[in-house]
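What follows is each chain in one-letter form.
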Amino acid sequence: MERLSTCDLREKEVVNVCDGARLGCPSDFEFCASDGRITALVVPRGGGIFGFRREDDIIIPWCKIECIGSDTIIVKLSPEEYRVPCKDKKKKSFW
C-alpha cells in the first residue's frame, strides 16, 4: 500500500465518475480525532478568502472515494451531493 501525505492529495484533481465533473483539488481534510484517519476531503468552490472554509465547500466523505491515481482522485457523488442551490430565490437552477 502506497502512503500519501496530505500535500500529495492536495495536488490531485477530484473528478466525479457519475457525471465527469471536475470538482477541483482538495484544500482541507476532516480527521477522526480518536485515530487520526482522514474522514473527508474538502474541495473549495472558489471565492473563499485566505483559505477560510465556506458553507458551500464540497465535503466528500472518504467512503465516496473510488480510486486515488497518480494525478486524480475519482469520487462517486450524485450531482445533488455536491451542488448547492442558488441563493437567489428568483433563479431556479443550481449555482
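All residue numbers refer to positions counted from 1 along the written sequence of the respective chain. Reporting in this predicted model follows two pLDDT cut-offs: at least 70 for local features of residues, and 80 or more for side-chain atom pairs to be given and counted; totals over whole chains, interfaces and linings ignore these cut-offs and use all residues. Computation of side-chain values: all heavy atoms of the structure, hydrogens and water removed.

Points about the confidence of the model for the chain
The condition is simple: Predictor confidence is given residue by residue as pLDDT, running from a minimum of 0 to a maximum of 100. Secondary structure counts use DSSP, requiring at least four H or I residues in a row for a helix and at least two E residues in a row for a strand, with both numbered from the N terminus. Residue contacts are counted whenever heavy atoms from the two residues lie within 4.5 Å of one another.
Per-chain confidence: the chain averages 82 in pLDDT, with 76% of residues scoring 70 or above. Per-element mean pLDDT across the chain ranges from 78 in helix α2 (residues 79-82) up to 97 in strand β7 (residues 72-75). Within the model, pLDDT remains below 50 along residues 88-95, and this stretch shows 11 contacts once partners closer than five positions in the same chain are excluded.

With respect to the pattern of salt bridges
To be explicit about the condition: Whenever a carboxyl oxygen of Asp or Glu lies within 4 Å of a side-chain nitrogen of Lys or Arg, that contact is scored as a salt bridge. Relative accessibility thresholds used throughout: buried, under 20% of the residue-type maximum; exposed, over 50%; partly exposed, between the two (1.4 Å probe, protein chains only).
Enumeration according to the criterion identifies three salt bridges in this entry. The closest approach of N and O atoms between D35 and R37, which form a salt bridge, is 3.2 Å. Given the relative accessible area of 59%, R37 is considered exposed. The partner of K64 in a salt bridge is E81, and the shortest N-O contact between them spans 3.1 Å. Residue K64 is found in the loop between β5 (58-61) and β6 (65-68), and its partner E81 is found in helix α2; the two are separated by 17 residues along the sequence.

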